[in-house]
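What follows is the residue order along each chain.
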Amino acid sequence: MRPALFCLVFLVPALAQVPRFPTIYYGAAYYHEYMPEERLEKDVELMKKAGVTVVRIGESTWSSWEPRDGQFEYGYIDRVVDAMHKAGIRVILGTPTYSIPPWLYHKHPEILVTHLDGRKAAYGIRQNMDITHPAYRYYCERIIRNIISRYKDHPAVIGYQIDNETSPYGAAGPLVQKNFIEYLKRKYRSVDLLNHAWGFVYWGQLVQDWDEMPPRDGILNPGYKLEWERFQRERVTDFLAWQARIVNEYKRKDQFITHDFSGGAHTDIDQWAIARHLDIAAVNPYYDVQDRLDGHSATFTDDVARSLKMGNFLVTETNAQTIGWDSKGQFPPYDGQLRLNVYGHIADGANMVAYWHWHSLHYGQETYWKGILSHDLEPNRVYEEFARTAAELQRVGPQLANVERRNRVAILFSIDSHHGIEFMPFSNKVNYQTFVRQFHKTLYSLNVGADFATPDSDWSRYAVLLVPPLYVAPDALLEKIAAFVREGGHAVVSLKSGFTNEFNTVRHVMMPGPLRAAAGFRYQEFSTLREPLPLRGDPFRAGQDNLVSEWAEMLIPETAEALAWYDHPFFGRYPAITRNRHGKGTLTYEGALLSDGLQRAVLLDVLARAGLTGPDQKLPASIRVKHGEVQGRRVHFYFNYSAAEQTFSYSYGSARDLLRGGRAAAGAQLRLGPWDVAILAEE
């Protein structure tokens, strides 16, 4: 497809105004500056032969763009962009701000991070600067404006990546602390409100004036520490929003702005707040392969990415060959796994899959984080699988672009609750993210698609809401959960939920606070569990997994039904799991950490009550299925995450097999080879 046609199709509106793509783009990050000059022609030739349709360039080498202060060099990138355009390969251009050049460090060493313990970051690692420092911002703006203004009209450039996997980088120097006080002034307005909210009367730490505000360094107060984390997240959001505003002054209407988040659901940044300043979100998922490849880690990251704007996203980096900052864990993918992972991302809503990177490095920290080409820079087994997959995408990509997911289950993600529990941990083994990942992996193993929701999200599309420990929450959020249940939703709520308010201060009411009526119980006591406890009578038929651990809340049912009791001479008087009917819906509460097997049984029961179970839960253990809609048609993606052939029954409407040809009717037997995939589009 010619680049000009991309411009025409790209402007069609999509989910949440996320731009639509005419096909699935497939490629790699490409750093010509790391290679001998004569490699460009050879690389482009190999890319065309392999079917590369997009490259991501420019974000890693500020010192090549600007080798000396104010001396800008464009020649090497000009050659790359022109060569890609001639080959029909599209380009995503990055702002090179995540790794500063040596001349900038020598001129302004003060921009390097000072940590809470007073340590000063050293030069040599990337992402070692205070992203809010005025000197750093000055040089960032200059290089961004120079780059974007030069390439904004180049027909090969379809979008811009701002920075790279940005975080606060642990910055806590004098300037950061000063900015924190200004942040507090805007939010709290008076020290009296702050004193009251945080309980500074404790230990006699009442502040009488903003000038008396102690630095973060030695603070133990949970309210102060929570606000500091919020401030750090805001610093990152502000930095990326600032970059987006600059790029928006130049970019064409048919070009997009993205940022590539590292994998997972982050708690040091607010991905949702950042995404509001992007046209489309991007992610860099990496995961185990060979016998440990089960698709869950990639799906977890993809589900977060899709949820950020409730629409399609880009995979800007993922495994090509082996990965690692050393050579101790080099695991190349088995045959078929590269292709399998591509379609897994597409099924989750990815409109682009690109690898880090095209060629393997011969020097530097990431020597063993290998690209599509190995160190010999010649075609190889992975290159050949890439080429076969690219050929398929050339045929089916237009039929798979802009997959829409309509999930009925969401996991509520609370960054504040993560930090609240980190400041007052209840276990040495588990934390907030343990519950998040257990919920998600359980749904994944049951072939139930899920979104991630935030306290501010619209939950009306969901039938089931899973709530990891909502330790920090304003009354309004707890009342929103109660309303969700009252209006017919089914909520599964974890231990410690509702314990503190938005200031991380314990409520002055009986637990679970504003959730009490919806939950149908009260409690005043809780206990750490030294050893796992079984549940009396194995009520969910979990067998050897009939266990809870770490924590036990001593729930006293009021209107709730006790679903499971601790099997213990003392704790046995209290239920571990309850369910309360509240209005049209139900709230299931888990007062302890459930084993994985027990959690599966509980969630399966809740999903059945919500009408969300069916043939997908009867598939073989290694078969995953994901459902989407493309151009008004339902599309079903089946994946075999095993080295053995699998046979199973297809349970949906008459469909065409997009990859293998032929048709399948409801009840047809499907056969998938090792690490294979089938995509059936209903007719």
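### Remarks on the overall build of the protein chain
And step 1. Counting its regular elements, the protein chain contains 18 helices and 30 strands.
And step 2. The C-alpha atoms of the protein chain give a radius of gyration of 26 Å, which matches the 26 Å a tight globule of 683 residues would have.
And step 3. Based on the C-alpha atoms only, the size of the protein chain along its principal axes is roughly 75 × 75 × 45 Å.
And step 4. Burial statistics for the protein chain: of 683 residues in total, 62% are counted as buried.

### Concerning the environment of Leu377
And step 1. For Leu377, the location among the structural elements is in the loop between β9 (350-355) and α13 (381-400).
And step 2. The exposure class assigned to Leu377 is buried, which follows from its relative accessible area of 9%.
And step 3. A C-alpha to C-alpha distance of 8.8 Å links Leu377 and Asp43, two positions 334 residues apart in sequence.
And step 4. Look past the residues within four positions of Leu377 in its chain and what remains in contact with it is Met35, Arg39, Leu46, His359, Ser360 and His362.

### What to know about the pattern of salt bridges
And step 1. Tallied over the full model, the rule gives 43 salt bridges.
And step 2. For Lys107, the salt bridge goes to Asp69, with nearest N and O atoms at 2.4 Å. With Lys107 in helix α5 (residues 102-107) and Asp69 in the loop between α3 (62-65) and α4 (75-87), this pair connects stretches of sequence that are 38 residues apart.
And step 3. Exposure remark for Asp69: the relative accessible area of 33% places this residue in the partly exposed category.

### Focus: the sheet that holds strand β17 (residues 547-549)
And step 1. Within the open sheet, the three strands sit side by side as β16-β17-β23. Their pairing is antiparallel. Each edge of the open sheet carries a strand with a single partner, namely β16 (533-534) and β23 (593-594).
And step 2. Where β17 meets β23, two bridges bridge the pair, whose relative direction is antiparallel. Looking at the pairing, Ser549 lines up with Leu593 of β23.

### A short note on the side chain of Thr389
And step 1. Considering the arrangement of structural elements, one finds Thr389 in helix α13.
And step 2. Under the relative-accessibility criterion, Thr389 is labelled buried at 0%.
And step 3. Sequence-distant contacts of Thr389, defined by excluding residues within four places in its chain, comprise Tyr26, Arg339, Val342 and Tyr343.

### Quick look at the packing of helix α11 (residues 296-309) against helix α12 (residues 337-348)
And step 1. Here α11 crosses α12 at 30 degrees, and the two axes come no closer than 9 Å. Here α12 runs roughly parallel to α11, going by the angle between their axes. The chirality of how α11 crosses α12 is right-handed. Contacts between α11 and α12 involve Ala298, Thr299, Asp302, Asp303 and Arg306 from the former and Gly344, His345 and Asp348 from the latter.

### Describing the environment of Pro214
And step 1. Checked against the element boundaries, Pro214 lands in the loop between α8 (191-198) and α9 (222-248).
And step 2. When the C-alpha positions of Pro214 and Ile181 are compared, they lie 9.6 Å apart, and in sequence the two are 33 residues distant.

### Describing the side chain of Thr97
And step 1. Turning to its location among the elements, Thr97 is positioned in the loop between β3 (90-94) and α5.
And step 2. Here Gln243 takes part through its side chain, which lies 2.9 Å from a polar atom of the side chain of Thr97.
And step 3. Setting aside anything within four residues of it in sequence, one finds Thr97 in contact with Trp62, Met129, Tyr136, Cys140, Ile143, Ile144, Asp163, Phe239 and Gln243.

### Some words on the packing of helix α7 (residues 174-188) against α9
Angle between the axes and distance between the axes: these two values describe a pair of packed helices.
And step 1. α9 packs onto α7 with a crossing angle of 105 degrees between their chain directions and a minimal axis gap of 10 Å. For the element pair α7 / α9, the angle class is roughly perpendicular. Of the residues in α9, those in contact with Val176, Gln177, Asn179, Phe180, Tyr183, Leu184, Arg186, Lys187 and Tyr188 of α7 are Tyr224, Glu227, Trp228, Arg230, Phe231, Gln232, Glu234 and Arg235.

### Thoughts on the nonpolar core
And step 1. One finds Leu184, Met213, Tyr343, Trp358 and Leu400 to be the most contacted residues of the largest nonpolar core, which totals 187 residues.
And step 2. Residue contributions to this core peak at eleven residues, all from α9.
And step 3. Dropping the residues within four chain positions of it, Leu184 is found in contact with Arg189, Leu194, Trp198, Trp210, Met213 and Glu227.
And step 4. Membership of the second largest hydrophobic core comes to 19 residues, among which are Leu563, Ala564, Phe571 and Ala576.

### Notes on unusual backbone geometry
Apart from glycine, the bulk of residues carry a negative phi angle, and the bulk of peptide bonds sit in the trans form.
And step 1. Of note, the amide linkage connecting Trp356 to His357 takes the cis form, showing an omega dihedral of 10 degrees.
And step 2. Relative to the helices and strands, His357 is located in the loop between β9 and α13.
And step 3. Positive phi, close to 55 degrees, is recorded for Asp163, a residue that is not glycine.
And step 4. Along the chain, Asp163 turns up in the loop between β4 (157-161) and α7.
And step 5. The backbone of Trp675 sits at a positive phi, close to 55 degrees, despite the residue not being glycine.
And step 6. When its relative accessible area of 7% is taken as the criterion, Trp675 is described as buried.

### Brief notes about the pairing of strand β2 (residues 54-57)
And step 1. Taking every second residue as pointing to the same face, both faces of β2 are buried, with Val54 and Arg56 on one and Val55 and Ile57 on the other.
And step 2. Pairing between strand β1 (residues 25-29) and β2: three bridges, direction parallel. Each residue of the ladder has a partner; that of Ala29, found in β2, is Arg56.
And step 3. Read as a crossover between parallel neighbours, the route from β1 over helix α2 (residues 39-50) to β2 is right-handed.
And step 4. Bridge analysis of β2 against β3 gives four bridges, and the strand direction is parallel.

So, how was this worked out
Residues numbered from 1 in each chain as written. Predicted model: local features only at pLDDT ≥ 70, side-chain atom pairs only at ≥ 80, totals over all residues. Heavy atoms only, no water. Helix = DSSP H or I, 4+ residues; strand = E, 2+ residues; numbered from the N terminus. Rg over C-alpha atoms; globule rule 2.2 N^0.38 Å. Buried < 20%, exposed > 50% of the residue type's maximum accessible area, 1.4 Å probe, protein only. Contact = heavy atoms within 4.5 Å. Salt bridge = Lys/Arg side-chain N within 4 Å of Asp/Glu carboxyl O. Pairing = 2+ DSSP bridges. Axes fitted to C-alpha atoms, helices over the stretch in contact; angles between N-to-C directions. Parallel < 35°, antiparallel > 145°, perpendicular 65-115°, else oblique. Left-handed = near helix turned anticlockwise from the far one by under 90°. Polar contact = N/O pair within 3.5 Å; in protein donor to acceptor, adjacent residues only side chain to side chain. Core = buried A, V, L, I, M, F, W, Y, C linked by side-chain atoms within 4.5 Å. Right-handed = clockwise from strand over helix to strand, strands pointing away.

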